[in-house]
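Structure at a glance
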Amino acid sequence: MDTPICDFLEHYQSSGISRFHMPGHKGNAFLGCEPWDITEVSGADSLYEAEGIIARSEENATKLFGSGRTVYSTEGSSQCIRAMLYLALTHRPEGTAPVIVSARNVHKAFVYAAALLDFEVVWLWPDGENRSLCGCPICAESLENTLHSLPNPPAAVYLTSPDYLGGIADIAALSEVCHRYGTILVVDNAHGAYLHFLNPAQHPLDLGADLCCDSAHKTLPVLTGGAYLHLSHRAPEAMRRNAKTAMALFGSTSPSYLTMASLDRCNRYLANGYQNRLTKTVSFIQSIRRDLMENGWMVAPSDPLRITICAAKNQTGIDLANILRQNGMECEYADPEFLVLMLTPENQEESLHHLVSVLGKNMAGLQSAPILPLAKGKQVVPIRKALFSPHEVIPAKDALGRICGAPTVACPPAIPIAVSGERIESTAIELFAHYGIDTVDVLK
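Since we're looking at a predicted model, the values are computed, not measured.

Taken in spatial order, the seven strands make up an open sheet running β1-β7-β6-β5-β4-β2-β3, and their pairing is mixed. Lying at the two open borders of the sheet, with one neighbouring strand each, are β1 (69-73) and β3 (120-124). Across the sheet, the mean angle from the axis of one strand to that of its neighbour is 20°, orientation sign disregarded. Sheet analysis places strand β5 (residues 184-188) next to strand β6 (residues 211-214), joined by three bridges and oriented parallel. By the bridge assignment, V187 is partnered in β6 with C212.

See below:
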């Protein structure tokens, strides 16, 4: 597969041209990458008005993912989230409401988009006993009950899948419910760019989602900030046509060509044997999970490129993370209940064998995961008004009865303990203490 962006940058950096344009380093190698770091010079195309090399590269990505249209982001899935919600609201069918029905475990970018775009949110809370702020399983029956209770179909249903612990929603069942009720399914798939290349494919687009974003940099060999906005063949033509407008509304006018080049090079990586490498890696990770469980560790179900280890008795996920750190390993995430490791085919097998060796046998036994309360604070001020009102930061223990200013989460994406405009109640205070949140942003 060709790499038009990389080819242009290679030619430009070797041409010897005098750079009487931005950036200020003029191609001199202060870090080493500067010769490839350019702006929209002649022939370099423009990300939000792409007609040349960027458009051709995005067409390659569209073919690889089998989407109706795929466009690039150099500002991560956060930019894509805002763009997806904008598209859902501005192109919603007649008779639908400016409402987004959303699983509660959202990235902060979703809450900020609610303020910027001024839409109402109807929250979907996790089915069953909640044991972590990071997971929010939603079943088709629960979604159907919510949609049935609304006077009009919402502009969209919004999910985060995979979640931070690796839980994957039943996208096929949930999308069927959405389409039956005349709305679209929007998925934050930031942690699952690779899912299309499994056999069978498990990407949200393959399972019925209408709009989807992937943080390519999280699971593919792409520089930080590289992401995809995917629009399915089912998405309205107007959404596909206006995707660039939506991205430009929330993006910098100086997108990184280094990040775009890494997305471009990734197309060739995906086209040349990636599926076989991924299959081999997934199989190896399964064997590592088995080794850990044979050593007495509880490994939670998760997406194929993640290992989520439950804490042991008298040993939190944070303790386990410190043990790994002392032995030259760094995890993705740790909290009192879980240790999360994100893996790709670029991880060396030897390092995973070392991981098993360092953790060794779990001699302490498994602790019972606490049943954490859900802080369902009452929305007393609209999200937009709350975020744009004067705030102050106070000790979390003193926040009872105050109104949340900025959303409070244990990590993004997660179930916010309190969302902007909600009154902070006693269950929220308990969760602040459990997750070590010392201060809270509240309205003055």
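For the rest of this paragraph, the subject is the packing of helix α5 (residues 140-149) against helix α6 (residues 171-180). Closest axis-to-axis distance for the α5/α6 pair is 9 Å, and the angle between their directions is 20°. Judged by the angle between their axes, α5 and α6 are roughly parallel. When the axes of α5 and α6 are compared, the crossing they make is right-handed. Contacts between α5 and α6 involve A140, L143, E144 and L147 from the first element and A173, L174, V177, C178 and R180 from the second. Broken down by class, the residue content of the contact of α5 with α6 amounts to seven nonpolar, no polar and two charged.

Here we take up the nonpolar core. Buried together is how nonpolar side chains tend to be arranged in soluble globular proteins. By size, the foremost hydrophobic cluster in this structure holds 145 residues, and its most contacted members are F110, L143, L220, Y228, L229, L270 and I424. The element best represented in this core is helix α3 (residues 76-90), accounting for eight residues. Aside from chain neighbours lying at most four places away, what touches L220 is A193, Y194, Y228, C266, L270 and Y274.

Attention now moves to the pattern of salt bridges. Opposite charge on two side chains permits them to pair, given that their charged atoms come into close proximity. Enumeration over the complete set of coordinates arrives at nine salt bridges. E144 is the salt-bridge partner of R180, the closest N and O atoms lying 2.7 Å from each other. Linking R180 in helix α6 with E144 in helix α5, this pair joins segments that are 36 residues apart in sequence. Overall, E144 belongs to the partly exposed group, its relative accessible area being 24%. For E330, the salt bridge identified is with R325, shortest N-O distance 2.8 Å. Classification of E330 as exposed rests on a relative accessible area of 55%. It is possible to trace a salt-bridge network through shared partners that takes in E144, E176 and R180.

Let's shift gears to the packing of aromatic side chains. Counted according to the given criterion, the structure contains eleven aromatic pairs. Relative to F197, the ring of F65 has its centre 5.3 Å away and its plane inclined at 75°; by these criteria the two rings are edge-to-face. Taken as a pair, F65 in helix α2 (residues 53-65) and F197 in the loop between β5 and β6 lie far apart in primary sequence, 132 residues in all. Overall, the relative accessible area of 7% leaves F197 in the buried class. Ring centres of F110 and W123 lie 5.9 Å apart, and the angle between their planes is 55°; this geometry places the pair in the tilted category. With F110 in helix α4 (residues 108-117) and W123 in strand β3, the pair connects residues that are 13 residues apart, well separated along the chain. On the basis of relative accessibility, which here comes to 0%, the residue F110 falls in the buried class.

Another aspect to go through is α3. A rise of 1.5 Å per residue sets the reference length of α3, with its 15 residues, at 21 Å; its end C-alpha atoms lie 22 Å apart and thus fit the reference within 8%. With respect to burial, α3 is a largely interior element, twelve of its 15 residues being buried. If you check which residues of α3 are buried, you get G76, S77, Q79, C80, I81, R82, A83, M84, L85, L87, A88 and L89.

Relative orientation of the contacting elements α3 and helix α9 (residues 243-250) amounts to 125°, with a least axis distance of 8 Å. Put simply, α3 runs oblique to α9. Judged by the twist between their axes, the crossing of α3 over α9 is right-handed. Between α3 and α9, the residues in contact are Q79, C80, R82, A83, Y86 and L87 and A243, A246, M247, L249 and F250, respectively. Its residues assigned to classes, the contact of α3 with α9 shows nine nonpolar, one polar and one charged.

The subject of this paragraph is the sheet that holds strand β9 (residues 306-310). Read from one edge to the other, the open sheet built from four strands follows the order β8-β9-β11-β10, with strand pairing classed as antiparallel. The open sheet has two free edges, formed respectively by β8 (299-300) and β10 (333-334), since each of these has just one partner strand. The strands that helix α11 (residues 274-294) touches are β8 and β9; relative to β9, the one it contacts most, it runs at about 10°.

A few words now on the layout of surface pockets. There is about 660 Å³ of room inside the largest pocket. Along its surface, the largest pocket is lined by 34 residues, and G135, P137, D163, L165 and F338 are the ones closest to its centre. Listed by contribution, the elements that provide at least two residues to the lining of the largest pocket are β4 (154-160) and β9. When the residues that make up the lining of the largest pocket are grouped by side-chain class, the tally is 17 nonpolar, twelve polar and five charged.

This next bit is on α6. Here α6 has its buried residues at I171, L174, S175, V177 and C178. Buried residues of α6 fall within an arc of 155° about the axis and therefore sit on the same side. On its buried face, α6 sits against α5, β4 and β5.

Criteria and cut-off values
- Residues numbered from 1 in each chain as written.
- Predicted model: local features only at pLDDT ≥ 70, side-chain atom pairs only at ≥ 80, totals over all residues.
- Heavy atoms only, no water.
- Pairing = 2+ DSSP bridges.
- Helix = DSSP H or I, 4+ residues; strand = E, 2+ residues; numbered from the N terminus.
- Axes fitted to C-alpha atoms, helices over the stretch in contact; angles between N-to-C directions.
- Parallel < 35°, antiparallel > 145°, perpendicular 65-115°, else oblique.
- Left-handed = near helix turned anticlockwise from the far one by under 90°.
- Contact = heavy atoms within 4.5 Å.
- Nonpolar A, V, L, I, M, F, W, Y, C, P; charged D, E, K, R; others polar.
- Core = buried A, V, L, I, M, F, W, Y, C linked by side-chain atoms within 4.5 Å.
- Buried < 20%, exposed > 50% of the residue type's maximum accessible area, 1.4 Å probe, protein only.
- Salt bridge = Lys/Arg side-chain N within 4 Å of Asp/Glu carboxyl O.
- Phe/Tyr/Trp six-rings, centres within 6.5 Å; stacked < 30°, edge-to-face > 60°.
- Expected span 1.5 Å × (residues − 1).
- 1 Å grid on protein atoms, 1.4 Å probe; cavity = no way out; pocket = protein on both sides within 12 Å on 5 of 7 lines; lining within 4 Å.
- Points joined across faces, edges and corners; volume = space filled by probe spheres on them.
- Arc of directions from axis to C-beta.

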